[in-house]
Amino acid sequence: MCESKVILKKGESEEVVMEDVVRIEVENGKIKMWGLLGEYGEVEGRIVLMDFRQHRIVVEGGK
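Worth saying up front: this structure is predicted, and the values here are computed from it rather than measured.

Novice: Looking at this structure, I do not really get the side chain of Glu3. What am I missing?
Specialist: Of note, Glu3 is situated in the segment before strand S1 (4-10). Buried and unpaired, Glu3 has no salt bridge, with Lys5 as the nearest side chain of opposite charge at 11 Å. Setting aside residues no more than four positions away along its own chain, Glu3 makes contact with Asp20, Val21, Val22, Leu36 and His55.

Novice: Where do I start with the nonpolar core in this structure?
Specialist: It is characteristic of soluble globular proteins that their nonpolar side chains tend to be buried jointly. Val6, Leu8, Met18, Val21, Ile31, Met33, Val43, Ile57 and Val59 form the largest nonpolar core, which has nine residues in total. Elements with a contribution of two residues or more to this core: S1, strand S2 (13-27), strand S3 (30-35) and strand S6 (56-60). Residues in contact with Val59, not counting those within four places in the same chain, are Val6, Ile7, Leu8, Lys9, Ile31, Val43, Glu44, Gly45, Arg46 and Ile47.

Novice: It is not clear to me how the packing of aromatic side chains should be interpreted in this structure. Could you clarify?
Specialist: Any pair of aromatic rings gets described here by the distance separating the centres and the angle formed by the planes. Going through the model one piece at a time under the given rule, you end up with one aromatic pair. The side chain of Arg23 reaches across the aromatic face of Trp34, ending 4.8 Å from its centre.

Novice: Could you clarify how one ought to interpret the environment of Gly41 in this entry?
Specialist: For Gly41, the position within the fold is in strand S4 (residues 40-44). Classification of Gly41 by relative accessible area gives buried; the value is 15%. When the C-alpha atoms of Gly41 and Glu60 are compared, they prove to be 16 Å apart, with 19 residues separating the residues in sequence. Aside from chain neighbours lying at most four places away, what touches Gly41 is Met18, Ile31, Lys32 and Met33.

What counts, and at which threshold
- Residues numbered from 1 in each chain as written.
- Predicted model: local features only at pLDDT ≥ 70, side-chain atom pairs only at ≥ 80, totals over all residues.
- Heavy atoms only, no water.
- Helix = DSSP H or I, 4+ residues; strand = E, 2+ residues; numbered from the N terminus.
- Buried < 20%, exposed > 50% of the residue type's maximum accessible area, 1.4 Å probe, protein only.
- Lys, Arg positive; Asp, Glu negative; His and termini not counted.
- Salt bridge = Lys/Arg side-chain N within 4 Å of Asp/Glu carboxyl O.
- Contact = heavy atoms within 4.5 Å.
- Core = buried A, V, L, I, M, F, W, Y, C linked by side-chain atoms within 4.5 Å.
- Phe/Tyr/Trp six-rings, centres within 6.5 Å; stacked < 30°, edge-to-face > 60°.
- Lys NZ or Arg CZ within 6 Å of the ring centre and 35° of its normal.

Structure, rendered in structure tokens:
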């Protein structure tokens, strides 16, 4: 499987905002995420790291 965690980074702190993410769209500064079971979430910011070996996507900034 290829699911990833989306992690929101603010300064030095990191928070997992969604797990088992299988799809991401970037639109007007928003990261839209869909999970394995159809759940949906979004966060403002920009993607700064995509690490497929560790299944991590790091977003910086955001609300």
